[in-house]
Each structure stands twice: as C-alpha cells, then as structure tokens.
Amino acid sequence: MSERFDIAIIGAGPGGYSTALRAAQLGLKVALIERDATLGGTCLNRGCIPTKALLEATSTFDAVRHGSEIGINAHVDEVDYGALRDWKLHVVGTMTQGLAALLAHRGVKVFRGEVSRLAPAAENDAIHIVQVSAAPGQTEVLRFERGEQPEPQGISVELRTAHVVLALGSRPQPLPGTDFHGALIDSTQALALDEFPASAAIVGAGAVAVEFASMWNAAGVDVTLLIRKDRVLSSWDRRVGVILTRELKRQGVHVLANTNVTRIDTGSNLGATVHYTQSGTDDEQTIQPEVVLGAIGRTPNTDAAWLAAANLSPDETGHITTDALGRTPTANIWAVGDIVAGHALAHRAFEQGITVAEAIAGMDPKPVDETTVPQVVFSHPQAACVGVTAAQAKENQSFTNISETTYPMMGNARMLMSATGGTLTVVAGERVSFPGSPVVLGVHMVCPTATELIAEAAQLVGNRVPLSEAARLIHPHPTFSETLGEALLKADGRPLHTR
C-alpha cells in the first residue's frame, strides 16, 4: 500500500498531536504514526496526567493529617490501592479516548505502527517516503480513521508525504553506568506500582524527583531525596530552590544534599542499597530503601537507525538540530518537542506543533520563545517560573537597569491559611531597544497554587507588558493571586502592604 499525504507526523505525544490537529484544521491531509497502543505519548500515558492524578489523590492525606491544626480531627483508615489505580487509569483513559475521537473528527489518519525507514525526497522530487511496519506486539499495521474499529493494513505501509514532522519524545535517563533493574526503577515503573512502597530513595533534584518526593511523602512513604547540590531545582531562581527544599524537609522528606551516588545494589530480594558520599568527606554511607527512583532527567528518542540512515543524526546532546521554526537541515523535515533542545515540557511541544503546522500551511507564525515557556512543579507547595532570573537578565546584553523584587508571601491571608511557606520574585528591566520603559522579564514563585498563577505571569512576560501597567491590574481579594499583584506594585515602587 502507498498513500500520499501533505504531512506525516511520527509520534502522537503533545507535539505530534497538536501538529496534526492544527494541520488538519488548516485543510492539510495528515497522517499520524504512533507505535504505542494509545495516543498521547508520555504526557498522557506515563507522565503528566497519571502523576498529577496521584498527586491530587495523595493531597487528601495532607488535608487529613493537618486537619487537627484547624480543629478537624480525622484519620485515614486504609488505602484501597485497587480503587486508586482504577481511578488513575480512568482519568488517563478518558483523556486518551477523547484525543482519539478529536483526531478522528478532524479527519486525521492514525497509523498504529513503527517507522522502519525514512527516505528523504530526492533533489528533483518533493516527496518523502515513510515506511511503517507493525509495532511491537502486532502482526500488522493498523489504520484508524473515522470509525473506532482499526483497519489492518498488512505488515508494512508506505506513506508518501510532502512534509515529515519528527515528534519522537524522550525516555527516562538511567543513572551513569547503571541501567534500571530490579528495585531501581524509572518514573514509568513508579507510576505502575500496585501500591506505595514503605520506603523510597529518589536520586535527582528536578521536577520529577520533587513531585514523587511530595506525593510519596504525603502517602506516608519514608522518602529520602539525594541531590547533587545544596537545593532542589538548582537551575531555577535560588530562592525558589532554597524555599522548596526547606518545605520538603519540614514535611518530613529526608533531603541529603551535596551527595554523589557511587553505587546501587539490587539483589534477588526486595529492596536496594544505595551507596553515596557527601561533599567534605570521602566516607561512603548507605541507605536501604524498598525502591530507588532514578530521576536525573530524560534522554531524547533520537537513536533509531532509520534517523541516521536519513542523515538526521542528533548532535552531541542527543537533540535534532532545527531553526527557530522547527525546520531541520533536510528540506521539509521538521522536529518538535523533547528531541529539540530546550525545555522538555508538554506545553512547549504543544505550541511548537501549532507553529510547525502553520509554517507548513504557508502562514507566517512567530517562533516559540523559550523565555515565555512556563516551568511548573506540582509539589507541595508548588513551584513555577517563567522568563529569566536576575542573574540571567544581567548577563543578557539585550536588557539594562535590572531590578529584582521579592515579596514576603506570609503577608497574604491565603498563604497564612495554607500553613506552607513560599516565595515570589519579580525581575524587571528595560530592553536596550526600547529604553525608559521597564517591563516584566521574569517571575519565580513557590506557593500552593503557583502552577496556576504562573499563567498570568507568562502573559506579562510574553507580551512585554510595561511594569507600570502590570502593577495596575486588579487581583481579587482574598486570593493567592494577590501575591503577584502586591509584588508588581512593590517592583513598580508603589508597595501597598509591604515596605
């Protein structure tokens, strides 16, 4: 079988499916290729959605545990792990089924299979060839169109397409010299556990490590977090990392800072032994948790042989090289998401997909600006940031007259009610190309609703809103959002409830 398309997208995660939806909306004939049994990629199936579902569930433990502080005496009798697992799967299933229905409604042709060959167009030919073979566990390539029942297509399908979009995603990165095995698990395996472990060690300091530390700690797991530097989220604004580390400790997470994990032993029995040293001493120490979660980052899925054969080999970091709009050096082959250097986040990939689809359709979209991509961590309390830190702004010759304003979060009534600590910093400055008008360059925060509040900050940063205008926006009272309003007032030299 050989069929002609305007665009063939390899990978159905946020970057791939957003490309497909927007391209179909613009009238292009779209093929979407996915090897997994369900659409949505890591985010919907093994990352964002199931993790947040469990975080939402385990927040109940925190509410019950601290209820006595406000006069509500309650306790958790037991956890029905089967019901919890079914609820998580229900949330994931609802999302992935809804996505499949939306793609079908838009007329996107979905092929369940695995790419085995990509032949870029010859010099005098405008057509790329994408060979799709049966995915692991299947005997044939399956095609999903408007009906729910798949149509078998044989053991191999050849798609002819004017454009190819690579949306290959990423996978958990193993610890140096140690593959995941036994009790040493990755985030996908952690989400698949039938019940919470009694104890866990987490190696890493990024979003995944911090979220699992919060979730498992809230569920009563004895959690030890081993981090290489003095704080979690060490690449973020320093105050954010310091405050969040302090809050994790206050809630009962054992944070071992400045550690170097030297070895992890996992035997035939349950459990593991983590060997580590801490800066300032060569003495090796050990802990023996039930499981060890390796969460030191993700590896782009760019090592397939067919990529190299198509002259699309990654750079030294494992990423595919593109221009600002997502074009690779090979004509009419594009790349989005985790395989492109930058923030490995679903919402970034989603926007990149829209941009690529519009560029292919002949429109003139703006490139995705990395400084306007919000970063969010669903810990307790939450952390979020957008834009640049003060240090980054001062290093950037495009900015001048940089100021950094920190707001005392505990002056907010809702923060006081939450019984958690927090921080909020606004970075402002002038653009050299437009002097005399300070704008919001960055916002960095820790608070119970930071992942929601950061959306407003992203609008201020992305739209280059003058600081004086941003400070006049009205925030409802009493809300967590008032913290941002007060911080903006203070940054503008007009503090109200602060000095």
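Procedures and definitions
Residues numbered from 1 in each chain as written. Predicted model: local features only at pLDDT ≥ 70, side-chain atom pairs only at ≥ 80, totals over all residues. Heavy atoms only, no water. Axes fitted to C-alpha atoms, helices over the stretch in contact; angles between N-to-C directions. Helix = DSSP H or I, 4+ residues; strand = E, 2+ residues; numbered from the N terminus. Parallel < 35°, antiparallel > 145°, perpendicular 65-115°, else oblique. Left-handed = near helix turned anticlockwise from the far one by under 90°. Contact = heavy atoms within 4.5 Å. Nonpolar A, V, L, I, M, F, W, Y, C, P; charged D, E, K, R; others polar. Polar contact = N/O pair within 3.5 Å; in protein donor to acceptor, adjacent residues only side chain to side chain. UniProt positions renumbered as here; feature names shortened; annotations may be inferred. Disulfide = S-S within 2.5 Å. Buried < 20%, exposed > 50% of the residue type's maximum accessible area, 1.4 Å probe, protein only. Phe/Tyr/Trp six-rings, centres within 6.5 Å; stacked < 30°, edge-to-face > 60°. Core = buried A, V, L, I, M, F, W, Y, C linked by side-chain atoms within 4.5 Å. Pairing = 2+ DSSP bridges. Salt bridge = Lys/Arg side-chain N within 4 Å of Asp/Glu carboxyl O.

### Quick notes on the packing of helix α3 (residues 48-65) against helix α4 (residues 81-106)
And step 1. Orientation of α3 relative to α4, taken along the N-to-C sense of each, is 140 degrees, at an axis distance of 9 Å. Between α3 and α4, the interaxial angle falls into the category oblique. By crossing handedness, the relation of α3 to α4 is classed as right-handed. For the pair formed by α3 and α4, the contact residues are I49, P50, A53, L54, E56 and A57 on the first element and L84, W87, K88, V91, V92 and M95 on the second.
And step 2. The residue inventory of the contact of α3 with α4, partitioned by class, reads 10 nonpolar, no polar and two charged.

### With respect to the side chain of T328
And step 1. Position of T328 relative to the elements: it lies in the loop between α8 (305-309) and β19 (333-335).
And step 2. Reaching out from T328, the side chain makes a polar contact with the backbone oxygen of I333 at a distance of 2.7 Å.
And step 3. T328 has contacts with L312, I320, T321, T322, I333, W334 and A335, leaving out every residue within four places of it along the chain.

### Section: the UniProt feature "domain: Pyridine nucleotide-disulphide oxidoreductase dimerisation" (unreviewed entry) in the protein
And step 1. UniProt records the feature "domain: Pyridine nucleotide-disulphide oxidoreductase dimerisation" (unreviewed entry) at residues 373-487, using the numbering of this structure.
And step 2. In residues 373-487, the share of helix is 30% and the share of strand is 36%. The end C-alpha atoms are 21 Å apart.

### Topic: the state of the cysteines
And step 1. Going through the model one piece at a time under the given rule, you end up with zero disulfides.
And step 2. Summary of cysteine pairing: C447 is not part of a disulfide, and the nearest cysteine sulfur, belonging to C385, is at 13 Å.
And step 3. Overall, the relative accessible area of 0% leaves C447 in the buried class.

### Things to note about the packing of aromatic side chains
And step 1. Tallying each qualifying case throughout the model produces four aromatic pairs.
And step 2. Aromatic side chains F5 and F111 sit 6.0 Å apart centroid to centroid with 90 degrees between the ring planes, which places their arrangement in the edge-to-face category. Of the two residues, F5 is situated in strand β1 (residues 2-10) and F111 in strand β3 (residues 109-112); the sequence distance between them amounts to 106 residues. The same class applies to F5 as to F111, namely buried.
And step 3. Between Y81 and F196, the aromatic rings sit 5.8 Å apart at their centres with planes inclined by 70 degrees, giving edge-to-face as the arrangement.

### Remarks on the nonpolar core
And step 1. Ranked by size, the top nonpolar core spans 40 residues in total, and within it I202, W216 and V232 carry the most contacts.
And step 2. Mapped onto this core, the elements with two or more residues apiece are α3, α5 (187-191), β11 (199-203), α6 (207-218), β12 (222-226), α7 (238-250), β17 (291-294) and β21 (382-387).
And step 3. In terms of residue count, the dominant contributor to this core is α6 (six residues).
And step 4. In this structure, Y407, L424, L453 and V461 belong to the second largest nonpolar core, which totals 30 residues.

### What about the sheet that holds strand β13 (residues 254-256)?
And step 1. Read across the open sheet, the five strands follow the order β10-β17-β11-β12-β13; overall the sheet is parallel. Unpaired on one side and paired on the other, β10 (184-185) and β13 mark the two borders of the sheet.
And step 2. Of the strand pairs in this sheet, β10 and β17 are connected by two bridges, and their pairing is parallel. Following the sheet pairing, L184 is matched in β17 by V292.
And step 3. The strands that α6 touches are β11, β12 and β17; relative to β11, the one it contacts most, it runs at about 165 degrees.

### Some points on the environment of Q138
And step 1. Within the fold, Q138 resides in the loop between β5 (128-133) and β6 (142-144).
And step 2. Look at Q138 and you get partly exposed, because its relative accessible area is 24%.
And step 3. Considering only alpha carbons, one finds Q138 and S235, 97 residues apart in sequence, at a separation of 42 Å.
And step 4. A distance of 3.3 Å separates a polar atom in the side chain of Q138 from the backbone oxygen of R112.
And step 5. A distance of 2.9 Å separates a polar side-chain atom of Q138 from the backbone oxygen of E140.

### Brief notes about the environment of R250
And step 1. Relative to the elements of secondary structure, R250 occurs in helix α7.
And step 2. Remark: the alpha-carbon pair of R250 and T420, spanning 170 residues in sequence, is separated by 9.5 Å.
And step 3. Not counting residues up to four positions away in its chain, the partners in contact with R250 are A419, T420 and G421.

### Describing unusual backbone geometry
And step 1. Looking along the chain, the bond that leaves H380 and enters P381 is cis, with omega of -5 degrees.
And step 2. Omega for the bond connecting H477 with P478 falls within 30 degrees of zero, at -5 degrees, which places this linkage in the cis form.
And step 3. Position of P478 relative to the elements: it lies in the loop between α13 (467-470) and α14 (482-491).
And step 4. With a phi angle near 55 degrees, N258 is a residue other than glycine that sits in the positive phi range.
And step 5. Turning to its location among the elements, N258 is positioned in the loop between β13 and β14 (259-265).
And step 6. The backbone of N311 sits at a positive phi, close to 60 degrees, despite the residue not being glycine.
And step 7. Secondary-structure assignment places N311 in the loop between α8 and β19.

### Brief notes about the pattern of salt bridges
And step 1. This model, assessed by the stated rule, comprises 20 salt bridges.
And step 2. Note that E158 and R117 form a salt bridge whose closest N and O atoms lie 4.0 Å from each other. With E158 in strand β8 (residues 156-166) and R117 in strand β4 (residues 114-119), this pair connects stretches of sequence that are 41 residues apart.
And step 3. Classification of E158 as partly exposed rests on a relative accessible area of 24%.
And step 4. By relative accessible area, R117 is classed as partly exposed at 38%.
And step 5. Between D303 and R171 there is a salt bridge whose closest N-O contact spans 2.8 Å. A residue pair is termed long-range when its members are at least 10 positions apart, and D303 in the loop between β18 (298-300) and α8 and R171 in strand β9 (residues 170-172) qualify at 132 residues.
And step 6. It is possible to trace a salt-bridge network through shared partners that takes in E3, K29, K109, R143 and E145.

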